[in-house]
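Listed below, chain by chain, are the residues.
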Amino acid sequence: MRVLVIGGGLAGAAAALELASRELAVTLVSAGVGATALSWGSLDVAVPSPEISGLPLRDATATRLLSPRERLAACLRTRPRHPYATLFGRSGGGAAESAAADAVKSAAASLDGWLAPSGLRVEGGLDAARLLANVRGAVRVSDFAFTGPAEGDLQGAAEVEVATVAGLAQHAARPLARALAAEFAAIGLPRPSFRVVPLPLPAGFVVDGGSPARVAARTDTEEGLRVLLAAVAARHRDEVRRVDGERRLLLLPPILGFSGVLGKLARLREAAGCRVAECLGAPPASPAGLRLVGALAAALLREGVVVERARVRALERTGRRVRAVRLQPREGSSRAEERLEAEAILLASGRFLGGGLAEREGGVHETLLDLPLYDEAGVRVDGSAANRLVRASPEGPQRLFSSGVRTDSRLRPLGADGEPLFENLFAAGDLIGGFDPSTERTGLGVALLTGLRAASEIARLAEEESG
Amino acid sequence: MIRGYRGFLREFSRTGSARAFWLQVRTGVAHIVRTGRRPRGSDAVALFLENYREDGIRLPDAARDALRLEAQRCTACGLCTEECARVGGAPHLDPMDAVAAASRLAIDIVRLALPIADAAACSACAACEAVCPAHIPIARVQADLGSLGAMAQPAGIR
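Residues numbered from 1 in each chain as written. Chains lettered and ligands numbered in written order. Predicted model: local features only at pLDDT ≥ 70, side-chain atom pairs only at ≥ 80, totals over all residues.

Undergrad: Just give me the short version of the overall build of chain B, but keep the residues and values in it.
TA: Secondary structure assignment for chain B yields ten helices and zero strands. Ordered by position from the N terminus, the helices and strands of chain B form the series α-α-α-α-α-α-α-α-α-α. (Helix = DSSP H or I, 4+ residues; strand = E, 2+ residues; numbered from the N terminus.)

Structure, rendered in structure tokens:
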């Protein structure tokens, strides 16, 4: 069975990798990586934000953060139109909760297996949340995180040293340390002491107006990394320590390059004599998203997934089946439009950033099949102008941001009548509506879980049709 | 005229750009000379294009309009710049500048002079395109800006 995956973000890549591991012939058509490239460096599966979930961050005794498992269960309980409710069923009797927990655990393990050869691990678990600092001075309750920020759990640290790098843009250690301290006061957990430590880097290490990308690229060279190691070691040699290394955390700006972060961190830990981590951050302040993208691309190559760098122009259909996609002819190519046939197609084209949704002719539409779109309340929104789906207030939910397609439990997009439109068309990732990745920040979690589920549904379809 | 002159002063004090200065001289002084020395035609647009062909000025065409619309999807995430740095692009190349320039192509032609020099340094490897979450054809944007290079880099001025 030939399978086509449309969309090169985490949902599409995870699905393609999973399908390849089940030995199905899979082609990934990717015009770009979409919102995956904007990752902050954490992979959150359960809704962390108290404003969205209505949950407190801490448990009733107020001594610890709610675990990812508890927040996942609360999400299933309170969000009937969330993609998780579609995947695992409504809560009740604990079956949905344990199915969700198992799926999350195995998904994280699969992703870790694909990324690990590129020196990027997925760290974390369902039993304890991490408290990670971002470059803007907010603490983020995080379920899983990628190597780099993952090591920076602020719980259990008695002393946090916020490193300043002179001249580095988009990173201000002093306000960052102050903001982190204030965040702790707001959460009400025991607060570590925050200190700002300047790293004695030689003049000329930070160049080009302090661009974090340039500095990150420098640490990708052995020479640049040695300079950073020497600065960290020099800073820490002269200090008299009151707190032992395990309880001390050196918080670096996200400058540890685009690859091999695992090895760099080990060397930095040795130089500093304490735990070392990066702050979370989105580009251009952080290379975290590009690390993930690079590691996914390497995994796709390794697993033998055929990747077509092209944009899909149209899907061909016959009755209740999709047959093929037509690709936009490449720039400067004299060849006519390319056509790829497949027995199953997975749409993981994302939302507005990925190109799965767009506003045209005055209304929001799904771009390939004009699938019906629904907001989180279940109201149909396709055809409405985007500016009618947002409110001027920054508070509260925006319908536009939770809109997407609706699927059945096998992740097949539903038509207006509530029946799957096609037997062999599946959807994964942000294209599925019912949650708002921009405020919930669980986009990667949903992408991973729906991508893997779609892959196993496609494998099931292949079995049904062959046998 | 006076407004244009103020705009130039602001631009010049902000950037100290010789290129911006040169463009200002061209549009301010050369315009009078050029339009004066040629007979008035009946078609003002054709005359304008004729006078400024050597500067690379063309009418906006449908392809460029489409490109400009694509450039307006830019969310200024900066990934293209990061990727360019990662793959070892030219020292001061900033694809995001080019995208920003393209999206304001019709608005402010003098300011355009600043990032256009980058377009010439671009090797069109398109690594930036591969990471652009908004799927902007950045290499095409750079090439398009590069085609305006005649205007940005008049002979003898760098």
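Undergrad: Which residues make up the overall build of chain A, and what values do they have?
TA: Broken down by element type, chain A carries 13 helices and 21 strands. Taking 23 Å as the expected radius of gyration for a compact globule of 467 residues, we find that chain A reaches 23 Å, a close match to that expectation. Burial statistics for chain A: of 467 residues in total, 52% are counted as buried. Of the contacts made within chain A by residues no fewer than 6 positions apart, 68% connect residues no fewer than 24 positions apart. (Rg over C-alpha atoms; globule rule 2.2 N^0.38 Å. Buried ≥ 20, exposed ≤ 12 C-beta atoms within 10 Å, placed from the backbone. Contact = placed C-beta atoms within 7 Å.)

Undergrad: Run through the domain arrangement of chain A, naming residues and quoting values.
TA: All names here are of chain A. Per the domain assignment, the segments making up chain A are domain 1 (1-127 + 289-372 + 405-467) and domain 2 (150-279). When each unit is reduced to the centre of its C-alpha atoms, the spacing between domain 1 and domain 2 is 34 Å. Taken together, the twelve residues of domain 1 in the interface contact nine residues of domain 2. It is helix H10 (residues 288-302) that contributes the most residues to the side of domain 1 that touches domain 2, three residues altogether. The residue makeup of the side of domain 1 that touches domain 2, split by class, is four nonpolar, four polar and four charged. (Domains from an automatic or database assignment. Nonpolar A, V, L, I, M, F, W, Y, C, P; charged D, E, K, R; others polar.)

Undergrad: Let's hear about helix H7 (residues 212-219) of chain A: which residues, and what values?
TA: Most of H7 of chain A is tucked away, with seven of its eight residues classed as buried. In this structure, the buried side of H7 of chain A is in contact with helix H8 (222-237) and helix H9 (261-272) of chain A together with helix H5 (79-86) of chain B.

Undergrad: Can you explain the sheet that holds strand E21 (residues 425-427) of chain A? Please cite residues and give values.
TA: Residues and elements named next belong to chain A. Strand order in the open sheet made by the five strands is E12-E2-E1-E16-E21, with parallel pairing throughout. Edge positions in the sheet fall to strand E12 (306-309) and E21, since each has one partner strand and no second. Averaged over all neighbouring strand pairs, the angle between strand axes comes to 20°, with direction disregarded. Relative to strand E16 (residues 344-347), strand E1 (residues 2-6) runs parallel, the two being bridged by four bridges. The residue of E16 that forms the bridge with Ile 6 is Leu 347. The strands that helix H13 (residues 443-466) touches are E1, E16 and E21; relative to E16, the one it contacts most, it runs at about 170°. (Pairing = 2+ DSSP bridges. Axes fitted to C-alpha atoms, helices over the stretch in contact; angles between N-to-C directions.)

Undergrad: Please provide a residue-by-residue account of the packing of helix H5 (residues 95-115) of chain A against H13 of chain A, values included.
TA: Residue and element names in this part refer to chain A. Where H5 meets H13, the axes come as close as 10 Å, and the angle between the chain directions of the two elements is 90°. Between H5 and H13, the angle falls in the class roughly perpendicular. From H5, Ala 103, Val 104, Ala 107, Ser 110 and Leu 111 reach across to H13, where they touch Leu 448, Leu 449 and Leu 452. For the contact of H5 with H13, the class distribution of residues is seven nonpolar, one polar and no charged. (Parallel < 35°, antiparallel > 145°, perpendicular 65-115°, else oblique.)

Undergrad: Quick one: what's the story with the pairing of E16 of chain A, residue by residue and with numbers?
TA: Residues and elements named next belong to chain A. What you see with E16 is no split at all: Ala 344 and Leu 346 on one side and Ile 345 and Leu 347 on the other are buried throughout. Two elements, E16 and E21, share three bridges in a ladder whose sense is parallel. Bridge assignment links Leu 347 to a residue of E21, and that residue is Ala 427.

Undergrad: I'd like a rundown of the nonpolar core, residues and numbers included.
TA: Within the largest apolar cluster, 170 residues are counted, with the highest numbers of intra-cluster contacts made by Val 5, Ala 15, Ala 16 and Leu 346 of chain A. Residue-level mapping places this core at the junction of two domains, with at least three residues from each of domain 1 (1-127 + 289-372 + 405-467) and domain 2 (150-279) of chain A. (Core = buried A, V, L, I, M, F, W, Y, C linked by C-beta atoms within 7 Å.)

Undergrad: A description of the packing of helix H1 (residues 10-21) of chain A against H10 of chain A should follow, citing residues and the corresponding values.
TA: Residues and elements named next belong to chain A. The contact between H1 and H10 brings their axes to 10 Å, and the two run at 25°. On the basis of their axis angle, the class for H1 and H10 is roughly parallel. Of the two elements, H1 crosses H10, and the hand of that crossing is left-handed. Two secondary-structure elements touch here, H1 through Ala 13, Ala 16 and Leu 17 and H10 through Leu 296, Ala 299 and Leu 300. The residue makeup of the contact of H1 with H10, split by class, is six nonpolar, no polar and no charged. (Left-handed = near helix turned anticlockwise from the far one by under 90°.)

Undergrad: Explain the interface of chain A and chain B to me, and be specific about the residues and the numbers.
TA: In this complex, chain A contributes 21 residues to the contact, which on the side of chain B involves 16 residues. Every element with two or more residues in the side of chain A that touches chain B is listed here: H7 and H10 of chain A. Grouping the amino acids of the side of chain A that touches chain B by side-chain chemistry returns 14 nonpolar, four polar and three charged.

Undergrad: Provide a residue-level description of the sheet that holds strand E15 (residues 338-341) of chain A, including the pertinent values.
TA: Residue and element names in this part refer to chain A. The sheet built from three strands is open, its strands ordered E13-E14-E15 with antiparallel pairing. With one partner strand each, in any of the chains shown, strand E13 (312-318) and E15 form the two edges of the open sheet. Taking the axes of each pair of neighbouring strands and ignoring which way they run, one obtains an average angle of 25° across the sheet. Across six bridges, the pairing between E13 and strand E14 (residues 321-327) is antiparallel. Looking across to E14, one finds that Glu 316 is bridged to Ala 324.

Undergrad: Now, about unusual backbone geometry: what can you tell me, with residues and values included?
TA: For the bond from Pro 283 of chain A to Pro 284 of chain A, the omega torsion is 0°, close enough to zero to count as cis. Within the secondary structure layout, Pro 284 of chain A lies in the loop between strand E11 (275-278) and H10. Of note, His 135 of chain B is a non-glycine position whose phi angle comes to about 55°, a positive value. The topology assignment puts His 135 of chain B in the loop between helix H8 (127-131) and helix H9 (138-146).

Undergrad: Which residues make up the environment of Ala 158 of chain A, and what values do they have?
TA: Residues and elements named next belong to chain A. Examined against the element boundaries, Ala 158 turns out to sit in the loop between strand E7 (144-146) and strand E8 (159-164). By the C-beta count within 10 Å, which is 15 here, Ala 158 ends up partly exposed. Taking C-alpha positions, Ala 158 is 6.3 Å from Ser 193, a pair spaced 35 residues apart along the chain. Setting aside residues up to four positions removed in sequence, Ala 158 forms contacts with Pro 192, Val 243, Arg 247 and Arg 248.

Undergrad: Give me the environment of Leu 19 of chain A: which residues, what numbers.
TA: Residue and element names in this part refer to chain A. Mapped onto the elements, Leu 19 comes out in helix H1. With 29 C-beta atoms counted inside 10 Å, the residue Leu 19 sits in the buried group. Not counting residues up to four positions away in its chain, the partners in contact with Leu 19 are Val 3, Leu 24, Val 26, Ala 455, Ile 458 and Ala 459.

Undergrad: Mind laying out the confidence of the model for chain B, listing which residues take part and the relevant values?
TA: All names here are of chain B. Here chain B shows a mean pLDDT of 70. Residues at 70 or above account for 55%. Of all secondary-structure elements in chain B, the lowest mean pLDDT belongs to helix H10 (residues 149-152), at 49, while H8 reaches the highest, 86. With pLDDT under 50 throughout, residues 106-114 is counted as low confidence; its partners more than four residues away or in other chains account for 16 contacts. This prediction of the complex comes with two scores: 0.85 for pTM and 0.71 for ipTM. (pLDDT = per-residue confidence, 0-100.)

Undergrad: Can you tell me about the environment of Gly 263 of chain A, naming the residues and giving the values?
TA: Residues and elements named next belong to chain A. Tracing the backbone shows Gly 263 in helix H9. The class for Gly 263 is exposed, based on 12 C-beta atoms found within 10 Å. Sequence separation between Gly 263 and Leu 120 is 143 residues; the distance between their C-alpha atoms is 9.7 Å.

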